[in-house]
Structure formats: structure tokens, C-alpha cells
Amino acid sequence: MHVSVISAERAVFDGEAESVVAPAFDGLVGILPRHAPFMTLLGEGVVKISQAGGTLTRLSVMGGFLQVASNVVRIVARRAGPADS
Amino acid sequence: MAKPRELKRRIRSVQNTKKITKTMELVSTSKLKRAQDRVVGARPYAQALAEVIGQLYSPELAERFPLLRQPGKSARGAGVRRAALLLITSNRGLCGAFNANLIREARRRLEELEAQDAHTELHLVGKKGISYFKFTKRNVASQRVDIGDRPTLDHAAELAKPLMERFSNGDLDAVDVVFAKFNSAVSTPPTTLRVLPITPPAAKGGEGRRGAANYILKPSAEEILQQLLPLYVQNQFYRALVETAAAEHGARRTAMKNATDAGSDMLTILQRTFNRARQAQITQELAEIVGGAEALKG
């Protein structure tokens, strides 16, 4: 499935992934391929994106929303950037 | 004919000015490049927000959100009674008619609002706008010069917050922003954008509410809109700031390029005049020497 993480200033991540874990407003949500259309508000925390081949990308996000539609995950965050440590 | 020494001095002065304008042109070009990247980078976010709001928006919901309140439906009858205008200008000059155009657009808009009997307050960003309205002795509600040519989201939030609050409370019926729209480096028309009340962005492909009905929404369409509408407003302020910054560099580059070209033209003419004057002087000196020698032979 295709995942993109967009912050107000730029697109932070854009690519294919096997799973996404994101901090929603009330707890973590995990998204796997072929998830039903879904929209939720984001809280604050770290988005983990697992790609084929075991690559794990960690991004810290704050505010905004997450949208899943026809195998495309879009994380639109007020702030997003690489998670440090 | 001017004296060669005088001409020499002017040639040097034009050459030095040309060096400065040439450098400013190069600096602006590289700053423009970076500013342009920021404009482009801000686009997907704005697009995504607009799309989702368009999908969630429905006229029934609109009644419940103060940010969507249309002036006609306010408690005090129809029309805009109190409006705010935010004008974004640059802090620095030497960019041609860039600031003058923005100020002209703002004045046009002010007149338009005042013709509708709206009490209009003016908010200013950038030294150029501030000094102009100080000169005309107009009351200014707020002003700031600290944003410069690298606006951040925090700047936009600071600008948007008080205006959004006052709009929600009903102290304002409309908020307009005058900024330079960045179509391309050479096309940056001054533009007025009504940020509040929010004009709901149309959903793509006319799917409207039906598109949203298929979603699992958490917590609810209302809650999500509640969160996203302020972000949308903030983002419009942010885009106005970023686009104006990029447009400023574009305008400065054009102005400096014109100045450099004009300098080159002047140099050509001055150099030619100088050469002619020098030649004339040599010819005259020769004539004098020959004349003197003739006289001595006498």
C-alpha cells in the first residue's frame, strides 16, 4: 500500500509500505494493506512505517489527521519530522 | 563636451553600482529558488486539507461551526459590519513596484469594505506597508516586522489565532488577507483572499458527502472538522506568507536584472563618449605641438 506523510511545510515521506502504526487521538492505530476507508484525528507521537525488506521508518508527528482510502494511507500532520532517538 | 576625467569618474561609479546590482540579482536568484521550494512543499498539505474538509463538509454542519458563519447570517443582520484586513509586505525595498502594488491592492480593498459601511481594521506585516500607512496616518490595529523572508508555521499561527478567536466570538464578520500570489517567478499578482468566513472547498469529482459516508470516522465528522478548520485557516495564512516571500525575491531579481542591464547600456554610451573626448584631446594637443613648431621655424 502507498503511504505518504505530509507536514504543513513539506512532504516528509512517500512510498510503499507493508504496515503503518500511527498515534491517533485516543491511542495507536495499526494499518495493514486493504484496510477499510478510515479517517481519524492524530495525537502526538511516533509513526512507524515498515517497508518491504524490514526497513522501519520512524517519524514524529503532531496534530492533523490520518486517512485511508483504496489502499492509500495519507498522514497529514501539523508537524512531522524524523523521530530522534 | 564633458571632460575626460569627469567621464572617467562616472564610468567608475556606474561600474561599481552595476557590481552591486549584479550581486543582488544573484543573491535573489538563489533565495528565490529556496523560497519557491517552500511554496511547492506547502502545496500537498493544503491540498489534502482542502480535500478532506470538502468531503466532510455539509451545509447542515456549517451552522454549528463559528468559523463557517457567513456574514449574512450573523445576529446583527446582513452584511459585513466589522472586517479585518491583513496586508503582507516585505521588510526591504529595491524590488521594483512589488510593495507599491500590494499597498494599492490593500487600499482598493479598504475602500471597497468601507463603501459597504464596514468598520475595517488594518493589520500589517512588513516594514514597507507599515511606513506607508504611518505616512497616511491611518490607524493600524497591529503590526509586526519580525517575520522576514523565512516565514514559519508558528508565524502563521500567531497571526491567525487572535483573528480566528475574534471571528468566532462575533467581533469580526470577515477577515481578508492581501498578499502576492506566486504563480511563477515573473507573475505575482497582488491578491485579496477572504480567509474568514471559510469558503468550504468543493469536494473533488463532485462526490461531496457521499465520499465521506464510506469512511469509518473517528471520533466523528463534526469533531474532525472542529480540529481541521482552524488548521485550514492557519495554513492559508502560512501560504500567504510563503508566497509573498517567494514573490518578493522574484520581484527583486527582476528589478536588479533591469538595473544591471540599464547599467550596461549606460556604460556603453559613457565609454564611447569618453573615448571620443580622449581622442579629441589628443588631436588638439598634436595640433598645438605642430602649430608651435611651425611658429618656431618662422
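Our subject in this report is the structure included herewith.

## Remarks on the overall build of chain A
Moving on, step 1. For chain A, the helix and strand inventory stands at zero helices and eight strands.
Moving on, step 2. In chain A, the succession of helices and strands from N to C terminus is β-β-β-β-β-β-β-β.
Moving on, step 3. Dimensions of chain A along its principal axes, counting C-alpha atoms only, are 25 × 25 × 25 Å.
Moving on, step 4. Each of the 85 residues in chain A was classed as buried or not, and the buried ones make up 48%.
Moving on, step 5. Taking contacts inside chain A between residues at least 6 apart in sequence as the whole, the part at least 24 apart equals 45%.
Moving on, step 6. When the accessible surface of chain A is totalled, it reaches about 3800 Å², and 51% of it is carbon and sulfur.
Moving on, step 7. Chain A carries 7 positive and 7 negative side-chain charges, and their two centres are separated by 2 Å.

## Let's talk about a nonpolar patch on the surface
Residue and element names in this part refer to chain B.
Moving on, step 1. A cluster of nonpolar side chains, Ile 282, Leu 286 and Ile 289, forms an exposed patch at the surface whose accessible area comes to about 290 Å².
Moving on, step 2. Relative to the helices and strands, Leu 286 resides in helix H7 (residues 221-297).
Moving on, step 3. The class of Leu 286 is exposed, set by a relative accessible area of 51%.

## Comments concerning the packing of aromatic side chains
All names here are of chain B.
Moving on, step 1. Per the counting criterion, the structure on display carries one aromatic pair over all chains.
Moving on, step 2. With 5.0 Å between their ring centres and 90° between their planes, Tyr 132 and Phe 133 make a pair best called edge-to-face.
Moving on, step 3. The class for Tyr 132 is partly exposed, based on a relative accessible area of 22%.
Moving on, step 4. The side chain of Lys 8 reaches across the aromatic face of Phe 274, ending 4.9 Å from its centre.

## Some details on the pattern of salt bridges
Moving on, step 1. On inspection of all chains with the given rule, the structure shows 19 salt bridges over all chains.
Moving on, step 2. Residue Arg79(A) pairs with Asp154(B) through a salt bridge whose shortest N-O separation is 2.5 Å. Of the two residues, Arg79(A) sits in strand E8 (residues 72-82) while Asp154(B) sits in helix H5 (residues 153-169), which places them in two different chains.
Moving on, step 3. Of the charged contacts, one joins Asp37(B) and Lys33(B) as a salt bridge, the two residues approaching to 3.2 Å between their closest N and O atoms. Of this pair, Asp37(B) and Lys33(B) both sit in helix H1 (residues 4-56), four residues apart, which is roughly one turn of the helix.
Moving on, step 4. Residue Asp37(B) is classed as partly exposed on the basis of its relative accessible area, which comes to 43%.
Moving on, step 5. Counted as one network, the salt bridges with shared partners bring together Glu105(B), Arg108(B), Arg109(B), Glu112(B), Asp176(B) and Arg194(B).

## Brief notes about the environment of Arg78(A)
Moving on, step 1. Residue placement: Arg78(A) occurs in strand E8.
Moving on, step 2. Residue Arg78(A) is classed as partly exposed on the basis of its relative accessible area, which comes to 27%.
Moving on, step 3. Every residue in contact with Arg78(A), bar those within four places of it in the chain, is listed here: Ser7(A), Ala8(A), Met62(A), Gly63(A), Gly64(A), Tyr45(B), Leu153(B), Leu231(B) and Gln234(B).

## Focus on the environment of Arg10(B)
Residue and element names in this part refer to chain B.
Moving on, step 1. In this fold, Arg 10 is placed in helix H1.
Moving on, step 2. Given a relative accessible area of 43%, Arg 10 falls into the partly exposed group.
Moving on, step 3. Along the primary structure Arg 10 and Thr 244 are separated by 234 residues, whereas in three dimensions their C-alpha atoms are 37 Å apart.
Moving on, step 4. Each residue touching Arg 10, except ones within four places of it in the same chain, is listed here: Met 266 and Leu 270.

## Quick word on the environment of Lys31(B)
All names here are of chain B.
Moving on, step 1. Examined against the element boundaries, Lys 31 turns out to sit in helix H1.
Moving on, step 2. Its relative accessible area of 28% is what places Lys 31 among the partly exposed residues.
Moving on, step 3. Distance from Lys 31 to Asp 149, taken between C-alpha atoms, is 9.1 Å for residues 118 residues apart in sequence.
Moving on, step 4. Filtering out sequence-adjacent residues up to four positions away, Lys 31 remains in contact with Arg 92, Asp 149 and His 249.

## Topic: the pairing of strand E6 (residues 44-50) of chain A
All names here are of chain A.
Moving on, step 1. Summarising the sheet, strand E3 (residues 19-24) and E6 pair through three bridges and their orientation is antiparallel. By the bridge assignment, Val 21 is partnered in E6 with Lys 48.
Moving on, step 2. Two successive antiparallel strands, E6 and strand E7 (residues 56-69), enclose a turn made up of five residues, where Gly 53 displays a positive phi of approximately 90°.

## Considering the side chain of Arg109(B)
All names here are of chain B.
Moving on, step 1. Considering the arrangement of structural elements, one finds Arg 109 in helix H3 (residues 98-115).
Moving on, step 2. Residue class for Arg 109 comes out buried when judged on its relative accessible area of 15%.
Moving on, step 3. Within the structure, the side chain of Arg 109 is placed 2.8 Å from the side chain of Asp 176, a separation counted as a polar contact.
Moving on, step 4. Ignoring anything within four residues of it in the chain, the contact list for Arg 109 reads Leu 85, Asp 176, Thr 192 and Arg 194.

Here is what the cut-offs are and how they apply
- Within each chain, residue numbers correspond to sequence positions counted from 1 in written order.
- For this description, chains carry letters from A and ligands carry numbers from 1, given in the order in which they are written.
- Local features are withheld for residues below a pLDDT of 70 in this predicted model, meaning they are given only at 70 or higher, and side-chain atom pairs are given and counted only at 80 or more; totals for whole chains, interfaces and linings count all residues.
- Note that the side-chain values use all heavy atoms of the structure and ignore hydrogens as well as water.
- Secondary structure elements are defined from DSSP: runs of H or I of at least 4 residues count as helices, runs of E of at least 2 residues count as strands, and each element is numbered from the N terminus.
- Type-normalised accessible area, obtained with a 1.4 Å probe on protein chains alone, sets the label of each residue: buried when under 20%, exposed when over 50%, and partly exposed for intermediate values.
- What makes two residues a contact is simply this: any of their non-hydrogen atoms within 4.5 Å.
- Reported accessibility uses the Shrake-Rupley method at a 1.4 Å probe radius. Residues are deemed covered only where the shown protein chains occlude them.
- The convention is simple: Lys and Arg are positive, Asp and Glu are negative, and His and the chain ends are not counted.
- The atoms used to mark charge sites are NZ of Lys, CZ of Arg, CG of Asp and CD of Glu.
- Two joining distances apply to patches: 9 Å for like charges and 5 Å for nonpolar side chains (Val, Leu, Ile, Met, Phe, Trp, Tyr), and every residue must have over 30% relative accessible area and no salt bridge.
- Counted as salt bridges are all cases of a side-chain nitrogen of Lys or Arg within 4 Å of a carboxyl oxygen of Asp or Glu.
- Each aromatic pair joins two rings of Phe, Tyr and Trp (for Trp, the six-membered one) with centres within 6.5 Å, and gets the label stacked for planes under 30 degrees apart, edge-to-face for over 60, and tilted for any other angle.
- Put simply, a charge is over a ring when the Lys NZ or the Arg CZ is close to the ring centre, within 6 Å, and near the line of the ring normal, within 35 degrees.
- Any two strands with at least two DSSP bridges between them are considered paired.
- Two N or O atoms count as a polar contact when they lie within 3.5 Å, although within protein this holds only if one can serve as hydrogen donor and the other as acceptor, and sequence-adjacent residues are included solely when both atoms are side-chain atoms.

So, to be careful, I would describe these as geometric facts and stop short of saying anything about function.
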